[in-house]
Amino acid sequence: MTDIATTCVQGGYHPGNAEPRQIPIYQNTTWKYDTSEAMGKLFDLEESGYFYTRLANPTNDAVAAKIAELEGGTAAMLTSSGQAANFFAVFNICGAGDHVVSSASIYGGTYNLLAHTMGRMGIECTFVDPNCSDAELETAFRPNTKCVFGETIANPALTVLDIERFAAAAHAHGVPLIVDNTFPTPVLCRPIEWGADIVTHSTTKYMDGHGASVGGAIVDSGTFDWTAHGKRFPGLTQPDESYHGVVYTERFGLEDAFITKATAQLMRDLGSIQSPQNAFLINLGLESLHLRMKQHAENGLAVARHLAQHPKVAWVRYPGLEGDAEYERAQKYLPQGACGVVSFGVAGGRAAAEAFMAHLRLAQIATHVADARTCVLHPANATHRQMNDAELEAAGISPDLVRLSCGIEAAADIIADIDQALATV
Ligand SMILES: *Cc1c(COP(=O)(O)O)cnc(C)c1O
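Residues numbered from 1 in each chain as written. Predicted model: local features only at pLDDT ≥ 70, side-chain atom pairs only at ≥ 80, totals over all residues. Heavy atoms only, no water.

*Asks:* Before we move on, can you summarise the packing of aromatic side chains with the specific residues and values?
*Replies:* Scanning the entire structure with this criterion turns up 13 aromatic pairs. With a centroid separation of 6.5 Å and an interplanar angle of 65°, the aromatic rings of phenylalanine 183 and tyrosine 206 are classed as edge-to-face. Of this pair, phenylalanine 183 sits in the loop between β5 (177-180) and α8 (185-188) while tyrosine 206 sits in the loop between β6 (198-202) and β7 (216-220), placing them 23 residues apart in sequence. Taken individually, phenylalanine 183 and tyrosine 206 each receive the classification buried, so the pair is uniform in this respect. Here the aromatic rings of phenylalanine 344 and phenylalanine 356 are separated by 5.7 Å at their centres, their planes lie at 80°, and the arrangement is edge-to-face. (Phe/Tyr/Trp six-rings, centres within 6.5 Å; stacked < 30°, edge-to-face > 60°. Helix = DSSP H or I, 4+ residues; strand = E, 2+ residues; numbered from the N terminus. Buried < 20%, exposed > 50% of the residue type's maximum accessible area, 1.4 Å probe, protein only.)

Structural data, given as C-alpha cells:
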C-alpha cells in the first residue's frame, strides 16, 4: 500500500496526457449536454456524469477521493462545513422516531445539533460518558437506535474515544459507528482500521490547516452491511421513490450506497455543497498534512511537558503527556502523536488566565483551533461566556482553562512566548 505521505501529495487526482498537473477549479454551476435524453439518464442515476455543482463537481470529487484514500474508505463526499458533514452522516440513516447514542465528550456545535436541532426533527439522542462501563453503554441502546457517534480526540475535552469498544457495541446492535476524526486527521489515526464505519471531518481545521476555508467531509468504509439489517435502514435497502425506485445497496453496492444516497437525496434537497474554490484550498492543505501533523504533535507534546513542570500552571490536559488520564488510550490509537491542542489551567483562576492571555504575543487569540499559526482561546471568556463559574465547572470547563492550539512554528518560540506571558501573572 502507498504510504500516507504519498497519498497526501498525489492521492485522488490522476491527470491524463496533457491534462492539468494540479487539480483544476471547475468554477461552473452547470454542464452542457447534446440531448435532453443524455441529461435524463444522469437524473435517473442511470449514468454518472456532471450536470449541476450542488450534486457533484470534479474539483470536489478529486479532493473527496483523496480523503477517502487517506482514511482507507471506499467513497467520500465534501460538504460546506463540518457541521453539515456530521448532520448528513447521521440524517442519512436516521429520521423522526429514531434514536442515536453519542459520546457526551464532543464538539459543542455537534452536541447542540444532536441534543436540540435533531431533537426538533424527532431524532432523540442519549449521551454517554466515553469512559462509562460496558453495562452503562449497553443500556443506552434502544430498539430504534440507528447509529453511535463519537470523536477520536474530542474538541475541547481532549478525551480519546475507545473506538474498538464503541464499534463492538454498535455492531452488536446492528448499527454503524460514526467517528468525527477532525483532530487527529488520518495521518495520526485511521478510525476505520479500528472498526469505525463512517468517518467525518471538519476540514476547516488541520486538513485545510491555514485558516482559509470552512468545509467538511464524510467517508464511508464500505464495510457496514446495511442489507444484513435491512429493516433498520430502509432508506438504503428499499426503493427510493424520489429516484424512480432505485435501491441504493442494490445499484451501488456496499462501497457506494451510503455516499450516493447522501449526495442524491440530502445534498439535492438540503444543499450545503462545498464550493470548488474551497475544495482546491483544502487540497493545498492536504498536500502537506503529513508534515504539518508531525510538527503539530511534536509541538503539542513539547509544550505540554513544559507546562506540566511550570510553577504557575495548575494542571495540564494532553492525551500524549505521560501521566495524563487518556495517555494509555492515546498510545494505542495515536502512537504517532496526539495533535497540537493542549488545555491547561493558569494558577490563580479566571483572572490569572485573562492576564496570561493578554500578554501572549506569538500565540494569538482566535475562536479557532488546528491551524498552522499558534492560537489560544479562554472558553470562560469566549465560547462559554454566558455561563457563570458554577455552570462552567458543571460543564467540565474550569474558569482557568486555556485552550492552546500549537501551530507549526518552532516549539522553542511557542514556549518562550508562554513563559514571558506567565511571568507577568
Ligand atoms: C470545528 C469542528 C466541527 C464543526 O466544523 P465546522 O467546519 O466549523 O462546521 C465539528 N467537529 C469537530 C470535532 C470540530 O472541531
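*Asks:* Can you break down the environment of leucine 78 residue by residue, with the values?
*Replies:* Following the sequence through the fold, leucine 78 ends up in strand β1 (residues 75-79). Given a relative accessible area of 4%, leucine 78 falls into the buried group. Not counting the four nearest positions on each side in its chain, leucine 78 is found in contact with Asn60, Val63, Ala64, Ile67, Gly216, Ala217, Met267, Ile273, Gln274 and Ala279. (Contact = heavy atoms within 4.5 Å.)

*Asks:* Summarise the environment of aspartate 162; cite the residues concerned and give the values.
*Replies:* Looking at the element boundaries, aspartate 162 is found in the loop between β4 (145-151) and α7 (163-172). A relative accessible area of 18% means that aspartate 162 is categorised as buried. Those residues in contact with aspartate 162 that sit more than four places away from it in its chain are Arg329, Lys332 and Tyr333. A polar contact is formed between the side chain of aspartate 162 and the side chain of tyrosine 333, at a distance of 2.6 Å. (Polar contact = N/O pair within 3.5 Å; in protein donor to acceptor, adjacent residues only side chain to side chain.)

*Asks:* Tell me about the site of the ligand, and name the residues and values.
*Replies:* Near the ligand lie 16 residues; those nearest to it are Asn155, Asp180, Ser202, Thr204 and Lys205. Take glycine 82: an N or O atom from its main chain is 2.9 Å from an oxygen atom of the ligand. Measuring from an oxygen atom of the ligand, one finds a side-chain N or O atom of lysine 205 at 2.6 Å. For the ligand, the accessible surface in isolation is 380 Å², of which the surrounding protein chains cover 92%. The site holding the ligand turns out to be the largest pocket. Take the shell around the ligand: its biggest share by element is 3 residues, from helix α4 (residues 82-91). Per-class residue counts for the shell around the ligand are 3 nonpolar, 10 polar and 3 charged. (Near = heavy atom within 4 Å. Areas by Shrake-Rupley, 256 points an atom, 1.4 Å probe, with all protein chains shown as cover. 1 Å grid on protein atoms, 1.4 Å probe; cavity = no way out; pocket = protein on both sides within 12 Å on 5 of 7 lines; lining within 4 Å. Sits in = over half its atoms within 2 Å of the grid points. Nonpolar A, V, L, I, M, F, W, Y, C, P; charged D, E, K, R; others polar.)

*Asks:* How would you explain the layout of surface pockets if you had to name every residue and give the values?
*Replies:* Approximately 1,000 Å³ is the volume found for the largest pocket. Those elements that place two or more of their residues in the lining of the largest pocket are α4, α5 (108-120), β6, β8 (313-317) and β12 (401-405). Broken down by element, the residue count for the lining of the largest pocket peaks at 5 residues, all from α5. Its residues assigned to classes, the lining of the largest pocket shows 17 nonpolar, 20 polar and 5 charged. A domain split of the lining of the largest pocket shows at least three residues from each of domain 1 (4-284) and domain 2 (290-422). The space that makes up the second largest pocket amounts to roughly 770 Å³. As for the second largest pocket, its lining consists of 29 residues, of which Leu55, Ala56, Asp61, Thr260 and Thr263 are closest to the centre. Elements with a minimum of two residues in the lining of the second largest pocket: α3 (58-71), β1 and α10 (248-270). (Points joined across faces, edges and corners; volume = space filled by probe spheres on them. Domains from an automatic or database assignment.)

*Asks:* For the domain arrangement of the chain, give the residues involved together with the corresponding values.
*Replies:* Once the domains are mapped, the chain shows domain 1 (4-284) and domain 2 (290-422). Here the C-alpha centre of domain 2 lies 29 Å away from the C-alpha centre of domain 1. Between domain 1 and domain 2, the contact holds 31 residues from the first and 28 residues from the second. The contact between domain 1 and domain 2 buries some 2,600 Å² in all, and 62% of this surface belongs to carbon and sulfur atoms. For domain 1, the biggest contributors to the area lost against domain 2 are Leu158, Leu188 and Tyr206; these three give 30% of the whole. Counting the contacts that link domain 1 with domain 2 gives 1 salt bridge. (Buried area = accessible area lost by both parts, 1.4 Å probe. Salt bridge = Lys/Arg side-chain N within 4 Å of Asp/Glu carboxyl O.)

*Asks:* Give a detailed account of the sheet that holds strand β11 (residues 375-377), specifying residues and quantitative values.
*Replies:* If you trace the 5 strands from one edge of the open sheet to the other, you get β8-β9-β12-β11-β10, paired in mixed fashion. At either margin of the open sheet sits one strand with a lone partner, and together these are β8 and β10 (364-365). Alignment of β10 against β11, held across 2 bridges, turns out to be parallel. Looking at the pairing, isoleucine 365 lines up with valine 376 of β11. Seen against the sheet, helix α14 (residues 349-359) touches β9 (341-346), β10, β11 and β12 and runs at an angle of roughly 125° to β9. (Pairing = 2+ DSSP bridges. Axes fitted to C-alpha atoms, helices over the stretch in contact; angles between N-to-C directions.)

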